[in-house]
Amino acid sequence: MFKKISRFLIVLGLTGFILGVTYWCAVRYLITQKAIQKTSDIIEITTEALPEQTNEEQKLIAITKHVFETFYHKDPATIPLYKLRPYITNKRLPEFIRLPDGVMETNIQQGFCDNASRMLAFVLEQEGFSSVQWNMVTNTSGHSTRLVTLSDDERKVFVDPFYGFVTVDQEGKLTDMETAKNRILDGDRFEDVFVALGANSDDRFYKNLNNMYMGAEGENLLIKAKLPRLNEPLILGKIDGRYKDVKSEGGRNGLTPYWHYMGHKYNREWIRVLETQQPVKIVMTLVEPVENGILIATPSPKVYQNTLIWELDKGEQLKLQDGLAQISLKRFNSYIDVDQIAIYPTQ
């Protein structure tokens, strides 16, 4: 009797699983087709306004400008569907189940810079452009755009569909971000290098090029910050079960806003480094008890429930290598938020 019940439950479970996968594949097809249709409309609208003899650069600028002008800036945490994105676009899923990157963003057309970047990538892909996400971090903020490869000469060029800019060389041709940065540091005027795509283009992020770390998705990105000399404790955030004050206060103190989690939250290529100028004790309090899978720190900390402690000498570094984090089947992510960071000078 028990064997019959077990066999029935197994068959029932498998049937339910197959029906669920079949239903999801149908949903996936419909929303992907909707995004492709929307992309076709965007390409038609943008190319109609271009002259007959149009080159790749003109087409790329026109498409980026359209995304910039129509993408609504909104916190993705307030958009319920985006909560599903890490699961249904996960690269560990089989391709026939996984939702292609950019489909969700193209349909929703709202979010932050990485969402706008994915939408632009999806539109460009339908038009034959290949691209990769380009990540930039300063001591106070971060930003994601696209690095697009032109098929004519394999040139890689920078476009920003969120803040509304492209970068150009001395001849007015599109160029990459590193070349643009070097032009600015060599004394060229900002407006001669960064071309605004509209009246609402926002250049504030690019005013901090001197302290900007950058790289393409898939490449290691070293984000380095130096602790200021301390005469008294530096406390980032309150013990309140929330990470946002740690994020904002880290940025305000020039340490970057990206010390508010332990593990991997944004990009596995990130390596976050904090360098000391004097002997210090660092006490990091997490919002949940520590799990081994998210401990990515060198040197290893002393662990007490949800608290991590390091004692570092002058010139030592605390390094967090995000790519080492493991996914938790309990939380369905690979990080734990930081509730507070307290840094105490020890000499």
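Scroll up to find the structure this text is about.
Keep in mind that this is a model prediction, so the values were computed, not measured.

Cut-offs and rules
Residue positions are given per chain, counted from 1 along the sequence in the order it is written. Only residues with pLDDT of 70 or above have their local features reported here, since the model is predicted, and side-chain atom pairs are shown and tallied only from 80 upward, although totals for entire chains, interfaces and linings are computed over all residues. Side-chain metrics in this entry use all non-hydrogen atoms of the structure; hydrogen atoms and water are not considered. A cavity here means a set of points on a 1 Å grid, drawn over the protein atoms and nothing else, where a 1.4 Å probe fits but cannot get out; a pocket is an open set with protein on both sides within 12 Å along at least five of seven lines, and a residue lines either one if it has an atom within 4 Å of a point. Grid points are joined across faces, edges and corners, and a volume is the space filled by probe spheres set on the points. Side-chain classes follow a simple rule in which Ala, Val, Leu, Ile, Met, Phe, Trp, Tyr, Cys and Pro form the nonpolar group, Asp, Glu, Lys and Arg form the charged group, and the remainder, Gly included, forms the polar group. Each residue is assigned to one of three classes by its accessible area relative to the maximum for its type, calculated with a 1.4 Å probe on protein chains only: buried under 20%, partly exposed between the two thresholds, exposed over 50%. Helix and strand definitions here come from DSSP, where helices need a minimum of 4 consecutive H or I residues and strands a minimum of 2 consecutive E residues; each element is numbered from the N-terminal end. Of all possible arcs, the one meant is that of the directions from the helix axis to the C-beta atoms. Working rule for contacts: check all heavy atoms of both residues, and any pair within 4.5 Å makes them a contact. In the analysis that follows, any N or O atom pair within 3.5 Å is treated as a polar contact, provided that within protein one partner can donate a hydrogen and the other can accept it, and provided that, for residues neighboring in sequence, both atoms belong to side chains. Residue types Ala, Val, Leu, Ile, Met, Phe, Trp, Tyr and Cys, when buried and joined through side-chain atoms within 4.5 Å, form a set referred to as a nonpolar core. Two strands qualify as a pair provided DSSP detects at least 2 bridges between them. Each axis is a line fitted through C-alpha atoms, and for a helix only the stretch in contact is used; angles between axes span 0 to 180 degrees, taken between their N-to-C directions. In the sections that follow, a salt bridge refers to a side-chain nitrogen of Lys or Arg positioned within 4 Å of a carboxyl oxygen of Asp or Glu. Helix span, expected: 1.5 Å multiplied by one less than the number of residues in the helix. Any two of the Phe, Tyr and Trp rings considered here, Trp counted by its six-membered ring, make a pair once their centres fall within 6.5 Å; the pair's planes then place it as stacked at under 30 degrees, edge-to-face at over 60, or tilted in between. Definition used: whenever NZ (Lys) or CZ (Arg) falls within 6 Å of the ring centre and also within 35 degrees of the ring normal, the charge is taken to sit over that ring.

Chemist: Can you explain the layout of surface pockets? Please cite residues and give values.
Modeler: The volume enclosed by the second largest pocket comes to roughly 250 Å³. As for the second largest pocket, its lining consists of Arg28, Thr89, Lys91, Glu95, Arg98, Leu99, Pro100, Asp101, Phe122 and Glu125. Grouping the amino acids of the lining of the second largest pocket by side-chain chemistry returns three nonpolar, one polar and six charged.

Chemist: Would you mind going over helix H6 (residues 177-185) in detail, with residue names and values included?
Modeler: Along H6, the residues classified as buried are Met177, Ala180, Lys181, Arg183 and Ile184. Down the axis of H6, the buried side of the element spans an arc of 160 degrees, and every buried residue falls inside it. Where H6 is buried, its residues touch strand S3 (130-137), strand S5 (156-160), strand S6 (165-167), helix H7 (190-193), strand S7 (194-196) and strand S8 (213-216). Its side-chain oxygen placed 3.1 Å from the backbone nitrogen of Glu178, Asp176 serves as the N-cap of H6. In the segment just after H6, Gly187 is the residue with positive phi, at about 110 degrees.

Chemist: Give a description of the nonpolar core that names residues and reports values.
Modeler: Of all hydrophobic cores here, the largest spans 41 residues; its most connected members are Leu60, Trp134, Met136, Met177, Phe194, Tyr206 and Met212. Ignoring sequence-local partners within four residues, the contact set of Met136 consists of Gly142, His143, Thr145, Phe158, Met177, Phe205, Tyr206, Met212, Tyr213 and Met214. Residues Met284, Leu308, Val338 and Ile341 belong to the second largest nonpolar core, which totals 28 residues.

Chemist: Tell me what's going on with the sheet that holds S3, and back it up with residues and numbers.
Modeler: The sheet built from six strands is open, its strands ordered S7-S6-S5-S4-S3-S8 with antiparallel pairing. The open sheet has two free edges, formed respectively by S7 and S8, since each of these has just one partner strand. Direction aside, the axes of adjacent strands within the sheet are offset by 30 degrees on average. In this fold helix H5 (residues 113-126) packs onto S3, strand S4 (142-149) and S5, with an angle of close to 15 degrees to the strand it touches most, S4.

Chemist: Before we move on, can you summarise the environment of Glu275 with the specific residues and values?
Modeler: Position of Glu275 among the secondary structure elements: in strand S12 (residues 270-275). Remark: the alpha-carbon pair of Glu275 and Leu50, spanning 225 residues in sequence, is separated by 51 Å. One polar contact links Glu275 to Gln317, side chain to side chain, over a distance of 3.3 Å.

Chemist: Residues and numbers for the sheet that holds strand S9 (residues 221-226), please.
Modeler: Judged by pairing direction, the sheet is mixed, and its four strands sit side by side in the order S9-S12-S17-S14 without closing on themselves. Where the open sheet ends on each side, the last strands, each with one partner, are S9 and strand S14 (297-298).

Chemist: Report on the side chain of Thr285, specifying residues and quantitative values.
Modeler: For Thr285, the position within the fold is in strand S13 (residues 280-286). In this structure Thr285 touches Ile239, Asn306, Thr307, Val338, Asp339 and Gln340, once residues within four positions along its chain are discounted.

Chemist: I'd like a description of the pattern of salt bridges, backed by residues and values.
Modeler: Taken as a whole, this structure holds 18 salt bridges when the rule is applied. Note that Glu105 is salt-bridged to Arg118, the shortest N-O span being 3.2 Å. With Glu105 in helix H4 (residues 103-108) and Arg118 in helix H5, this residue pair connects regions lying 13 residues apart in the sequence. Side by side, Glu105 and Arg118 carry an identical accessibility label, which is buried. Glu275 serves as the salt-bridge partner of Lys224, at 3.4 Å between the closest nitrogen and oxygen. Highlighted residues: Lys224 in strand S9 and Glu275 in strand S12, separated in sequence by 51 residues.

Chemist: Residue-level account of H5, with values.
Modeler: Residues spaced three or four apart along an α-helix face the same direction, because each turn holds 3.6 residues. In this model, H5 (14 residues) spans 20 Å end to end at C-alpha, consistent with the 20 Å of a helix rising 1.5 Å per residue. With respect to burial, H5 is a largely interior element, eleven of its 14 residues being buried. Immediately beyond the C-terminal end of H5, within one or two residues, lies Gly128, with a positive phi of roughly 95 degrees.

Chemist: Explain unusual backbone geometry residue by residue, including any values.
Modeler: Most peptide bonds adopt trans geometry, and most residues besides glycine take a negative phi value. Looking along the chain, the bond that leaves Thr298 and enters Pro299 is cis, with omega of 0 degrees. Along the polypeptide, Pro299 turns up in the loop between S14 and strand S15 (302-304). For Gln109, which is not glycine, the phi dihedral falls at a positive 60 degrees. Within the fold, Gln109 resides in the loop between H4 and strand S2 (110-111). Of note, Gln305 is a non-glycine position whose phi angle comes to about 55 degrees, a positive value. If you trace the backbone, Gln305 turns up in the loop between S15 and strand S16 (307-312).

Chemist: Just give me the short version of the packing of aromatic side chains, but keep the residues and values in it.
Modeler: On inspection of all chains with the given rule, the structure shows 13 aromatic pairs. Between Phe190 and Phe194, the aromatic rings sit 4.5 Å apart at their centres with planes inclined by 0 degrees, giving stacked as the arrangement. Ring plane angle 35 degrees and centroid distance 5.6 Å describe the contact between Tyr266 and Trp270, whose orientation is recorded as tilted. Taking the relative accessible area as the measure of exposure, Tyr266 reaches 33% and is therefore partly exposed. Among the aromatic residues, ring-to-ring pairing joins Phe158, Phe162, Tyr163, Phe165, Phe190, Phe194, Phe205 and Tyr206 into one connected group. Its guanidinium or amino end placed over the ring of Trp259, Arg272 lies 5.7 Å from that ring's centre, counting from NZ or CZ. Over the ring of Tyr261 we find Arg272; its NZ or CZ atom is 3.8 Å from the centre of that ring.

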